[in-house]
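# Remarks on the overall topology
Listed below are the residues making up each chain.
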Amino acid sequence: MRGVSVAVLAGAMVALAATSASPAANPRTDRITLSSSGEQLEQSTSVNGLSADGRYAVFVSDDSHVVPGDTNGRSDVFVRDLRRGTVERVNVSSDGAQADGSSRRAEISADGRYVAFMSSATNLVDWAEPPQNPNDIYVHDRRTGRTERVSAGRDGGTARTFDNLDMSADGRYLAFDASSARMDGASNDQTLAYVLDRRTGDVKKISDRIPSDWYVSGLALSADGSHLAYVQRHPRGGRHELWLADLRGGGQKLVNALPDGQPTNGGPAGVQLSADGGLVTYSSFDESVVPGAPAYTWELYLYDSRTGTTRWMTHAGKGGLGAGLLSGDGRSLAYQTQTAKDDGTTVDNVYVRDLKTGRTRLVTRTLAGGAQTEGYAAPVAFTRDAHELAFFSTAPDLVTGDTNGVGDGFVHHLA
């Protein structure tokens, strides 16, 4: 493999130092995770994605009061129509039966029609044989009501998917990690990365450069389905490798590489892509891919596959950023900052950076007008035009009436 050139782009640190956090013309934050009757939920709920136009939001909750008739005592997947205020449960069988197992890791297509999710349920589809400890990927069509299992082992049984799922914007391609013993019949069972084409039914193993005792710990699929980024590592720690695979042209690039092409000793995680897969953002611990970045801390990086350059991202001249998220066009970067408090706790905030102008805007703006002063927060999903950003926060003062004392999903209108 050719060595990847690494550089800090000229002017990058100057542009990133512009941290005025100027407000949008009409900034507004709304809570996403509400029940079908508009009531706040009693249990913490994750928001997982937005449709391209921002109308539909998908979220996962253990709360039994999101919709009427939720009696399964499991975590479920819901879609909220933010225009009409309606909520529907989507991790159901084609005849509407609620799942008998927990569901998680939901993704929604750009048009809001398809919702993919991971579930341990046994009753969402018919099985040739009763499944043993299943964990699989399903896709629910909100237009037809049909639910299909899209992951399967060689024998047609469970694929034993693990913990990662992503979907292309049109819902055609799905990326996930699963058991190589179940998927390929391998005697050495590893968790590997696969990509499914729902139109053709073709499933490809992508992580084919992995040592025999490593596993895939994270992945991200570009919105156009052309690229897959994945992280592989040893289960007992040590260095990780972040690979970017071109699913159409073939070939893979090692992202966290030194100038001679050898992997760094860093630990990449939290990888995200631009819509065409040209840009990669990721967090890494003790990463040496950019000269001058701090050692033995978690830092945020931005890699451009077209130029082979990597940028270390800062806020107000300081590092320690996390949870990087790119807009589809790669111009906007949402990220998380963490600030230590005098009582020994920390507080997170979410910002959006225009990578072209350097303008920074605060997303987690409280009702009082400042940054949140307590709790956790992280960005989740942009709309296609990057005018809205979904995020998660445990702060109680981002919207009026937030008295449930748990984390919620929100959408911030940047313009």
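Bear in mind the structure is a predicted one, so any value in this text is a computation, not a measurement.

It is worth spelling out the overall build of the protein chain at this point. Helices and strands together make up the secondary structure of the protein chain, namely two helices and 28 strands. Overall size of the protein chain, expressed as C-alpha extent along the three principal axes, is 60 × 55 × 40 Å. Classification of the 415 residues of the protein chain by burial places 56% in the buried group. Partitioning the contacts of the protein chain with sequence separation of at least 6, the portion at a separation of at least 24 is 48%.

Attention now goes to the sheet that holds strand β7 (residues 114–119). Within the open sheet, the four strands sit side by side as β6-β7-β8-β9. Their pairing is antiparallel. If you trace the sheet from one side to the other, it starts and ends with β6 (103–108) and β9 (147–149), each paired once. With direction set aside, neighbouring strand axes in the sheet form an average angle of 25°.

Extensive coverage of strand β20 (residues 298–304) is indicated by the burial of six of its seven residues. Both strand β19 (residues 279–285) and β20 contribute to a ladder of seven bridges, which runs antiparallel. Directly across from T281, in β20, lies its bridge partner L302. Between β20 and strand β21 (residues 309–313), which follow one another and run antiparallel, lie four residues, and G308 among them has a positive phi close to 75°.

Across the sheet, four strands lie side by side as β1-β28-β27-β26; this open sheet has antiparallel pairing. Across the chains shown, the open sheet's two edge strands, defined by having one partner strand only, are β1 (28–31) and β26 (377–382). Within this sheet the neighbouring strands show an average axis-to-axis angle of 30°, counted without direction.

What follows concerns the side chain of T366. Mapped onto the fold, T366 is located in the loop between β25 (360–362) and β26. For T366, the contacting residues outside a window of four places in its chain are A371, Q372, D397 and L398.

The subject of this paragraph is the pattern of salt bridges. Two side chains with opposite charge may pair up if their charged atoms get near one another. This model, assessed by the stated rule, comprises 20 salt bridges. Across the salt bridge formed by D30 and R28, the nearest N and O atoms sit 3.1 Å from each other. With a relative accessible area of 44%, R28 lands in the partly exposed category. One salt bridge connects E241 with R239, and the closest N-O pair in it is separated by 2.6 Å. A residue is classified by how much of its surface remains accessible, and R239, at 30% relative accessible area, is partly exposed. Here the salt bridges share partners, and the residues they tie into one network are R31, D402 and D408.

It is worth spelling out the nonpolar core at this point. The biggest cluster of nonpolar side chains holds 32 residues, and the ones touching the most others in it are I137, L174, F176, L228 and Y230. Mapped by element, the contributors of at least two residues to this core are β7, β8 (136–141), β10 (161–167), β11 (173–179), β12 (191–197), β14 (215–221), β15 (227–233) and β16 (240–246). Sequence-distant contacts of L228, defined by excluding residues within four places in its chain, comprise A175, A193, V195, I206, L219, A220, L221, W243, L244, A245 and L247.

Before going further, it helps to examine the pairing of strand β4 (residues 76–81). Summarising burial for β4: six of the six residues are buried, a large majority. The alternating pattern of β4 places D76, F78 and R80 on one face and V77, V79 and D81 on the opposite face, and all of these are buried. Examined bridge by bridge, strand β3 (residues 56–61) and β4 share six bridges and lie antiparallel to one another. Note that in β4 the partner of Y56 across the bridge is D81. Summarising the sheet, β4 and strand β5 (residues 87–89) pair through three bridges and their orientation is antiparallel. Residue pairing in the sheet places R80 in a bridge with V87 of β5.

Procedures and definitions
Residues take numbers from 1 onward in each chain, read along the sequence in its written order. Per-residue local features of the predicted model are confined to residues with pLDDT of at least 70, and side-chain atom pairs are confined, for both listing and counting, to 80 or more; whole-chain, interface and lining totals are unaffected and use all residues. Calculated side-chain values reflect all of the structure's heavy atoms, with hydrogen atoms and water omitted. Secondary structure elements follow DSSP: runs of H or I no shorter than four residues count as helices, runs of E no shorter than two count as strands, and numbering proceeds from the N terminus. Exposed residues in this analysis have more than 50% of their type's maximum accessible area, buried residues have under 20%, and partly exposed residues fall in between, with area computed by a 1.4 Å probe over protein chains only. By definition in these notes, contact holds between two residues if any of their heavy atoms fall within 4.5 Å. In this scheme, strands are said to pair when DSSP sees at least two bridges between them. Lines are fitted to the C-alpha atoms to define the axes, a helix being fitted only along its stretch in contact, and any angle between axes, read from their N-to-C directions, falls within 0 to 180 degrees. By salt bridge we mean one thing: a side-chain nitrogen of Lys or Arg within 4 Å of a carboxyl oxygen of Asp or Glu. Think of a nonpolar core as a cluster: buried Ala, Val, Leu, Ile, Met, Phe, Trp, Tyr and Cys residues, connected wherever their side-chain atoms sit within 4.5 Å.

Interpretation note: all reported values are geometric properties and have no functional meaning in isolation.
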